[in-house]
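Coordinate analysis (summary)
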Amino acid sequence: MNSGPDVQEQPQKTYSYRYLIFNRRGIPALISLFLGLFFTGLATFSLYKQNQASAQNQFEIHFQQILTSIDKRLQDHELILLGAAGFMKAQQHVSRQQWHDYVQGLLLTQRYPGIQGVGYAEIFPARQLAAHEKAIQEEGFPDYSVKPKGERDIYSGIKYLEPFSGRNLAAFGYDMYSNPVRREAMRRAAEENTTTITGKVRLVQETHGKEQAGFLMYVPIYHTSIAPDSPEQRWQAIKGYVYSPYRMDDLMAGIFNREQMLVDFLIFDGQSDDAEALMYESGLTQNIHRDDPFIAQQQLTTYGRNWTIKVIAQEGFQAQFDGRQPWLVAILGSGISVSIFIMMLVLMGRRESAYHLANKMIEQYKNAREHFNQQLADVFSAASEVAIIATDVQGTITLFNSGAEHLLGYKAEDVIGTASPALFHVPAEVEARSKELSEQLGESIEGFDVFVTIPVREGAESREWHYINKDGQQIPVSLTVTAIRDDKHKITGFLGIAQDISERKRMEQMKNEFISTVSHELRTPLTSVSGALGLVLAGRLGDIPDKAEKILTTAHRNSKRLAHLINDLLDIEKIAAGKLHFDMQAQPIAPILEQAVEENKAYGAERSINILLSEEHAAARVFVDAQRLKQVLANLLSNAIKFSPDGGKVTVEAKADEDHIIVSVCDQGCGIPEVFKHKIFQKFAQADSSDTRQKGGTGLGLAITRELVEHMNGSIDFESAEGKGSCFYFRLPLVKTAKAISTEEAPESASSSDIQHRILVVEDDEDVASLLKIMLEEAGYLVDICHGGLEALEALNVGHYDLISLDLMLPDISGLDIIRRVRKHADTADIPIVVVSAKMEQGRLKLSGEAHNIEWLAKPIEHERLVSIVKRQLLNNEYPKILHVEDDADLHSVISAMVADHMVIDHASSVESAASLLKQHVYNVILLDIDLPDGSGWDLIPAIKAEQPDAAIIVLTGNDVSNEKLGSVEAILMKTQLTTEKLIDVIHSRIHMAT
């Protein structure tokens with residue numbers, strides 16, 4: 001009697017399989033079993049029907065292939081006879097030897113197995129019989145006569161038949177018109193001027209071996225070159241027939257490979273399938289049942305005759321579609337269904353046991369959640385340094401902590417349940433953010449959605465706003481809004497945490513004002529001083545005495561040190577603020593290393609320090625800002641030179657592994673003390689304060705270097721031992737390229753002044769093309785020739801050309817079409833074109849100004865004029881024209897001296913004077929200062945783009961430029977970093993980009 005308590009302690013034992021099957025909880029398991037068995041049977045039956053359908057489709061394909069193959073072979077034979085008929089018509093008289101040679105050339109045995117031969121039979125009235133026989137007897141056939149003998153009104157005689165051997169000899173002289181079946185086909189061919197075939201006949205060639213059913217194909221030949229209109233006239237004009245006899249078994253053997261066929265077929269003459277009409281059977285066709293699914297019959301109408309084709313599947317045909325798949329599906333499906341049924345019973349038993357445990361855990365979770373929520377609410381209320389505001393999904397405030405009360409001046413009871421956070425926001429900011437989000441997301445975002453749209457989509461959003469407190473005062477805050485979600489991930493409200501950033505904003509304003517002062521008030525005069533000193537020392541203003549040169553050199557060096565100090569201070573600030581601009585591009589690293597070494601050699605030469613660049617540096621490409629990378633190298637090289645002994649050596653080396661390039665700069669200096677290594681990359685860090693006095697520097701160089709390298713996705717480190725020197729190295733990721741570029745060839749091709757221009761000559765006349773090539777090659781150009789328009793377009797697609805010499809009259813497409821296509825493609829739009837054509841004026845009228853940069857030269861060609869035009873197109877003798885907008889007259893004088901030998905420069909000192917010059921002249925480049933006496937240089941940019949959209953805009957300023965304004969100009973140059981070479985290089989590069 002102890003079973004009762006045991007059952008209560010272990011209730012899971014009551015859930016036996018029998019109980020679950022016959023209880024309502026077991027219904028899903030039973031349903032799954034029945035459904036599994038049902039769908040298994042359905043799948044088995046479906047697979048069986050699918051196999052049957054595949055067999056039927058395959059049988060239909062075989063049937064159609066037989067019909068198509070027979071019809072195609074007969075069409076091929078018709079073409080043979082039509083060709084022979086054309087041969088007969090083209091010749092006034094065809095001899096027996098000519099006929100033999102013609103038929104031999106057809107290679108009938110190899111190309112068309114099954115054809116008995118190709119012959120020619122004349123047809124003539126009884127009165128010409130004797131003449132016909134005599135003519136052939138005189139050809140060397142004394143026993144020739146028309147057969148069978150007998151008197152008839154019309155005779156025909158086989159005159160030629162090739163191959164003229166074997167069975168075909170029996171047909172020589174045979175009167176085919178005497179046979180009714182042949183006569184009917186011959187008569188119909190003549191009267192209808194068409195190709196015909198006969199019904200089933202016994203060929204006269206059946207002289208030995210197994211006799212086969214036969215038929216013949218006829219093509220009529222008339223005495224006239226064109227067949228008459230009416231049937232009677234055609235019959236009167238008939239001259240003879242080109243024909244072919246066929247033995248049916250031989251013909252079919254030439255069409256089909258019996259060993260590869262899975263079906264048999266029979267061919268009957270006419271619409272009847274009687275035995276007497278049987279012309280061909282491919283194999284055994286016994287026990288043919290009319291209800292067999294793989295038997296079919298169809299009429300094939302060809303050349304005036306109906307053939308009945310009957311196809312029967314062989315015994316092995318069905319076997320290839322009878323597989324074990326249906327039975328496997330049935331067995332596997334049933335097994336899986338039963339397994340699922342048993343598994344469900346097991347799981348259901350466990351579910352019942354787990355159900356009670358889950359209910360208990362849920363109850364515990366609810367209690368813990370309530371306790372946590374209460375604690376969280378207490379924390380929010382106690383936080384006094386930050387404003388915490390929570391809302392429901394409609395935007396009504398549900399939580400307003402003490403920090404919010406302190407910041408905004410409202411009491412919690414005044415806003416909870418009644419107000420929205422919009423009460424504390426500046427309406428203009430909300431409207432601006434609404435417009436920004438609407439444009440960004442492509443839908444209207446208004447009201448409370450302005451604050452919560454991004455948190456809903458991304459989870460949270462942090463941005464700066466201005467709160468309005470109860471007294472109407474605006475307070476800058478950093479607000480983070482987060483969506484609150486429940487256990488089902490459904491949003492139940494929103495939480496906003498705001499922090500007063502008034503003090504931070506005040507400090508940022510002071511810092512920005514200071515930086516602006518440093519940038520403008522120091523950089524602008526420093527640029528004039530440094531630039532003027534550089535021009536004097538370079539000898540641009542004449543020779544200077546040695547003593548003066550030493551003083552000027554010292555002044556120039558110290559102006560550069562001052563500029564370097566200002567740049568370091570501003571760079572470290574921009575890095576900290578995240579405003580440092582990077583022009584990242586994939587480019588080879590070798591030229592950057594070479595330029596950096598070359599630029600620092602002069603500094604090393606002051607102390608006889610030799611800078612060595614390893615010749616084994618990798619020919620690698622990296623994704624970097626070239627100027628920033630040169631700044632990194634300059635910092636490392638200047639440090640290495642600074643701390644090396646006089647007459648020492650600094651080594652620059654680059655090595656590549658599979659994914660990175662490692663560049664190292666090593667010196668022979670005193671090394672870095674062990675206690676200082678951990679702070680080597682910190683700002684203003686120097687090993688000894690005495691270094692500042694002895695070596696110079698700000699202590700910012702390595703800090704800036706690390707930031708620059710890391711912004712270019714690299715890393716930097718060093719190795720050093722006291723007394724043995726230091727080695728700084730940085731790693732940059734390699735750019736994977738499909739084809740390596742030779743580091744030896746690329747710089748040479750880019751810098752060589754003796755580059756030969758390559759010209760593409762497009763001319764269909766080979767003599768004219770050769771003449772042009774000789775003229776141009778004598779003038780020193782490389783020349784390629786294309787004789788067609790499409791060939792020329794392909795050449796332009798795969799290669800680079802400096803000029804195109806183009807004829808307008810080409811065999812495939814016109815020269816005008818080539819001009820239009822070339823001008824529409826960005827890579828070829830600016831290639832100069834010289835049109836060399838006899839129809840020059842017509843082409844110029846049709847083009848009517850559609851394309852630019854084209855010269856016209858009429859044929860015949862004058863050598864001197866051609867070379868002169870080509871040179872004029874390739875060499876632009878006009879200097880680029882620059883407009884310099886700058887209110888500082890001294891700085892303009894320096895800039896003008898820098899570029900005077902390379903380009904023409906106009907000066908405007910205000911926005912108004914610049915606008916006036918823009919309307920009077922065309923400029924290649926606008927060199928623009930921002931701070932002007934009557935406005936901002938930024939206000940002038942819309943007028944520049946409206947008046948001269950092709951001009952490149954280069955901003956020359958001492959101030960930092962925001963990222964959003966970078967896209968409106970082609971380049972930005974800092975005044976303190978300006979050199980003559982850099983200015984000219986930037987101007988030329990932007991002119992090329994603009995054109």
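Residues numbered from 1 in each chain as written. Predicted model: local features only at pLDDT ≥ 70, side-chain atom pairs only at ≥ 80, totals over all residues. Heavy atoms only, no water.

**Notes on the overall build of the chain**
On a plain count of helices and strands, the chain comes out with 31 helices and 33 strands. Long-range contacts, defined as pairs at least 24 residues apart, comprise 63% of the intrachain contacts of the chain with a sequence gap of at least 6. Element-wise, carbon and sulfur atoms account for 52% of the exposed surface of the chain, whose accessible area totals about 54,500 Å². (Helix = DSSP H or I, 4+ residues; strand = E, 2+ residues; numbered from the N terminus. Contact = heavy atoms within 4.5 Å. Areas by Shrake-Rupley, 256 points an atom, 1.4 Å probe, with all protein chains shown as cover.)

**Side note on the UniProt feature "transmembrane region" (unreviewed entry) in the chain**
When the UniProt feature table is mapped to this numbering, "transmembrane region" (unreviewed entry) covers residues 27–48 and 327–347. For residues 27–48, the end-to-end C-alpha separation is 32 Å, with 100% helix and 0% strand making up the annotated structure. Annotation note: span residues 327–347, helix share 100%, strand share 0%, distance between end C-alpha atoms 30 Å. (UniProt positions renumbered as here; feature names shortened; annotations may be inferred.)

**Looking at unusual backbone geometry**
A cis geometry characterises the amide bond from K147 onward to P148, with omega recorded as 5°. Its place among the elements puts P148 in the loop between helix 6 (129–137) and strand 2 (154–162). Its identity as a non-glycine residue notwithstanding, L107 has a phi of 55°, on the positive side. Within the chain, N713 stands out as a residue other than glycine whose phi angle is a positive 65°. Residue placement: N713 occurs in the loop between helix 20 (701–711) and strand 20 (715–720).

**Points about the packing of helix 18 (residues 626–642) against helix 20**
In contact at an axis separation of 9 Å, helix 18 and helix 20 are set at 145° when each is read in the N-to-C sense. In this structure, helix 18 crosses over helix 20, and the sense of that crossing is left-handed. Contacts from R628, Q631, V632, N635, L636 and N639 of helix 18 reach helix 20 at G701, L702, I704, T705, L708 and V709. Here the contact of helix 18 with helix 20 is built from residues that sort into 6 nonpolar, 5 polar and 1 charged. (Axes fitted to C-alpha atoms, helices over the stretch in contact; angles between N-to-C directions. Left-handed = near helix turned anticlockwise from the far one by under 90°. Nonpolar A, V, L, I, M, F, W, Y, C, P; charged D, E, K, R; others polar.)

**What about the pattern of salt bridges?**
For side chains of opposite charge, pairing can occur when their charged atoms come near one another. In this structure the tally under the stated criterion is 26 salt bridges. Salt-bridge contacts for K159 lead to E122; the nearest nitrogen and oxygen are separated by 3.4 Å. Of the two residues, K159 is situated in strand 2 and E122 in strand 1 (residues 118–125); the sequence distance between them amounts to 37 residues. Take K159 and E122: they sit in the same class, and that class is buried. In this structure, the salt-bridge partner of R506 is E503, at a minimum N-O distance of 2.6 Å. Here R506 pairs with E503, and both are found in helix 15 (residues 502–537), just 3 residues apart, close to one helical turn. Connected through shared salt-bridge partners, R167, E206, R247 and D250 make up one network. (Salt bridge = Lys/Arg side-chain N within 4 Å of Asp/Glu carboxyl O. Buried < 20%, exposed > 50% of the residue type's maximum accessible area, 1.4 Å probe, protein only.)

**Focus: the packing of helix 3 (residues 27–90) against helix 4 (residues 96–105)**
Put simply, helix 3 and helix 4 touch, their axes get as near as 12 Å, and they point 150° apart. Relative to helix 4, helix 3 is oriented roughly antiparallel. Here helix 3 and helix 4 pass one another in a crossing that is right-handed. Across the interface between the two elements, I80, G83, A84, F87 and M88 from helix 3 touch Q98, W99 and Y102 from helix 4. A breakdown of the residues in the contact of helix 3 with helix 4 according to their chemical character gives 6 nonpolar, 2 polar and no charged. (Parallel < 35°, antiparallel > 145°, perpendicular 65-115°, else oblique.)

**Points about the sheet that holds strand 1**
If you walk across this open sheet you meet the 5 strands as 2-1-5-4-3, and the pairing is antiparallel. With one partner strand each, in any of the chains shown, strand 2 and strand 3 (196–197) form the two edges of the open sheet. Relative to strand 2, strand 1 runs antiparallel, the two being bridged by 8 bridges. Pairing of V118 across the sheet is with E162, part of strand 2. Its contacts with the sheet put helix 7 (residues 180–192) on strand 2, strand 3, strand 4 (214–222) and strand 5 (238–247), and the angle it makes with strand 4 is roughly 30°. Packing of helix 9 (residues 248–255) onto the sheet brings it into contact with strand 4 and strand 5, and relative to strand 5 it is tilted by some 75°. (Pairing = 2+ DSSP bridges.)

**Topic: the pairing of strand 18 (residues 649–656)**
Where strand 16 (residues 610–613) meets strand 18, 4 bridges bridge the pair, whose relative direction is parallel. Residue pairing for strand 18: N610 is matched across the bridge by K649. As paired strands, strand 18 and strand 19 (residues 660–666) are joined by 6 bridges and run antiparallel to one another. Bridge assignment links V652 to a residue of strand 19, and that residue is V665. Hairpin remark: strand 18 followed by strand 19, antiparallel, with 3 residues in the connecting loop.

**Regarding the side chain of E461**
With respect to the helices and strands, the residue E461 is situated in strand 12 (residues 460–468). Only 2.4 Å separates the side chain of E461 from the side chain of R433, close enough to count as a polar contact. When near neighbours in sequence (up to four residues on either side) are disregarded, E461 contacts R433, F451, I454, P455, L479, T480 and V481. (Polar contact = N/O pair within 3.5 Å; in protein donor to acceptor, adjacent residues only side chain to side chain.)

**Quick word on a negative patch on the surface**
A cluster of acidic residues, D764, D765, E766 and D767, forms a negative patch on the protein surface. Looking at the secondary structure, you find D767 in helix 22 (residues 766–778). Looking at D767, the relative accessible area reads 63%, which means it is exposed. (Patch = residues over 30% accessible without salt bridge, like charges linked within 9 Å, V, L, I, M, F, W, Y side chains within 5 Å. Lys, Arg positive; Asp, Glu negative; His and termini not counted. Charge placed at Lys NZ, Arg CZ, Asp CG, Glu CD.)

**So, the nonpolar core**
Counting 50 residues, the largest nonpolar core has I70, W99 and W307 as its most contacted members. For this core, the element with the most residues is helix 3, which contributes 13 residues. With 41 residues, the next largest nonpolar core counts A596, F676, L702 and M712 among its residues. (Core = buried A, V, L, I, M, F, W, Y, C linked by side-chain atoms within 4.5 Å.)

**Notes on the packing of aromatic side chains**
Given two aromatic rings, their pairing is described by the distance between the two centres and the angle made by the two planes. Using the criterion set out here, one finds 26 aromatic pairs in the structure. Judged by centre distance (5.1 Å) and plane angle (65°), the ring pair of F141 and F172 falls under edge-to-face. A residue pair is termed long-range when its members are at least 10 positions apart, and F141 in the loop between helix 6 and strand 2 and F172 in the loop between strand 2 and helix 7 qualify at 31 residues. Taken together, a centroid distance of 5.8 Å and an interplanar angle of 40° make the contact between F400 and F424 tilted. (Phe/Tyr/Trp six-rings, centres within 6.5 Å; stacked < 30°, edge-to-face > 60°.)

**Let's talk about a nonpolar patch on the surface**
A cluster of nonpolar side chains, I27, I31, L35, F38, F39 and L42, forms an exposed patch at the surface whose accessible area comes to about 580 Å². With respect to the helices and strands, the residue F39 is situated in helix 3. Relative accessible area serves as the criterion here: at 47%, F39 is assigned to the partly exposed category.

**Things to note about helix 17 (residues 590–605)**
For helix 17, built from 16 residues, the straight-helix expectation of 22 Å at 1.5 Å per residue is met to within 8% by its first-to-last C-alpha distance of 22 Å. In the structure, helix 17 departs most strongly from a straight axis at E599, where the bend amounts to approximately 30°. Listing the buried residues of helix 17 in full gives A590, I592, L593, A596, V597, N600 and G604. Taken together, the buried residues of helix 17 touch strand 15 (585–588), strand 16, strand 17 (621–624), helix 18, strand 18 and strand 19. (Expected span 1.5 Å × (residues − 1). Bend = angle between axes of the 7 residues up to and from the residue.)

**Examining the pairing of strand 4**
Of all 9 residues in strand 4, 9 are buried, a share of seventy percent or more. Here strand 4 shows a buried face lined by G214, L216, Y218, P220 and Y222 and a second buried face lined by F215, M217, V219 and I221. The sheet contact formed by strand 3 and strand 4 spans 2 bridges and is antiparallel. Directly across from I197, in strand 4, lies its bridge partner M217. In this sheet, strand 5 lies alongside strand 4 in antiparallel orientation, the contact comprising 9 bridges. Bridging across to strand 5, Y222 finds its partner in I238.

**Let's talk about the confidence of the model for the chain**
A residue-level look at the chain finds 79% of positions with pLDDT of 70 or above and a mean pLDDT of 80. Per-residue pLDDT, averaged within each element of the chain, yields its smallest value for helix 21 (residues 745–751) (35) and its largest for strand 3 (96). Per-residue pLDDT stays below 50 along residues 1–14; that stretch engages in 3 contacts with residues further than four places along the chain or on separate chains. Low pLDDT, under 50, characterises residues 737–753; the predicted model gives this stretch 6 contacts beyond four residues in sequence or across chains. (pLDDT = per-residue confidence, 0-100.)

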